[in-house]
Amino acid sequence: HSSEKGFSPAVKKTKKSSANSPQNDTPKSPLLAQLLEEESAKKEALAAEIAELKEREAYVSENTDAGRIPDAVANRMAIRMAILGGVPVFGGLALFIFFYLSAT
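The structure displayed is predicted, hence computed values, not measured ones.

Caption draft 1: Quick peek at the overall build of the protein. Check the secondary structure of the protein and you find three helices and zero strands. Carbon and sulfur atoms form 64% of the exposed surface of the protein, whose accessible area is close to 9800 Å².

Below, the structure written as structure tokens:
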């Protein structure tokens, strides 16, 4: 039955013996060492990213103007939204009124 699952008794025996032995810090396989190295690099990068975000958040909480959109940009955005949103809406309403009046 053990060969059906893909495990030989010898593999099971070595797994049991390695589980009971004390673990050392140096991996035996170069692929495992590479994987552990990559994982530690990912953890360090994530920690650095979190620290940078905390630093930015502290700066913005101290300096309220730092996270603010300038007035000129905000006004330009509002005009563009009004044009790009208003033209289709009012155009559709005008077409609706036009076709309603032309049908009656």
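Caption draft 2: Fine view of the packing of aromatic side chains. This structure, assessed with the given rule, holds two aromatic pairs. Judged by centre distance (6.3 Å) and plane angle (20 degrees), the ring pair of F96 and Y100 falls under stacked. With F96 and Y100 both in helix α3 (residues 71-103) and four residues apart, the pair spans about one turn of that helix. Y100 matches F96 in its accessibility class, with the two residues each being exposed. Ring centres of F98 and F99 lie 5.3 Å apart, and the angle between their planes is 70 degrees; on these two criteria the pair is classed as edge-to-face. Judged by relative accessible area, which is 51%, F98 ranks as exposed.

Caption draft 3: A look at helix α2 (residues 30-62). With 33 residues, α2 should reach 48 Å at 1.5 Å per residue; the first-to-last C-alpha distance of 48 Å fits that figure. Two or three places before L31, at the start of α2, stands the capping residue S29, its side-chain oxygen 3.2 Å from that residue's backbone nitrogen.

Caption draft 4: Highlighting α3. With 33 residues, α3 extends 47 Å from end C-alpha to end C-alpha; this agrees with the ideal 48 Å at 1.5 Å per step. Considering bend angle alone, the principal kink of α3 is centred on G86 and spans about 30 degrees; proline P88 follows within four residues of it.

Caption draft 5: Focus on the pattern of salt bridges. On inspection of all chains with the given rule, the structure shows two salt bridges. The shortest N-O distance in the salt bridge between R56 and E52 comes to 2.8 Å. Within this pair, R56 and its partner E52 are both found in helix α2, separated by four residues, close to a single helical turn. With a relative accessible area of 40%, E52 lands in the partly exposed category.

The rules behind these values
Residues numbered from 1 in each chain as written. Predicted model: local features only at pLDDT ≥ 70, side-chain atom pairs only at ≥ 80, totals over all residues. Heavy atoms only, no water. Helix = DSSP H or I, 4+ residues; strand = E, 2+ residues; numbered from the N terminus. Areas by Shrake-Rupley, 256 points an atom, 1.4 Å probe, with all protein chains shown as cover. Phe/Tyr/Trp six-rings, centres within 6.5 Å; stacked < 30°, edge-to-face > 60°. Buried < 20%, exposed > 50% of the residue type's maximum accessible area, 1.4 Å probe, protein only. Expected span 1.5 Å × (residues − 1). Polar contact = N/O pair within 3.5 Å; in protein donor to acceptor, adjacent residues only side chain to side chain. Bend = angle between axes of the 7 residues up to and from the residue. Salt bridge = Lys/Arg side-chain N within 4 Å of Asp/Glu carboxyl O.

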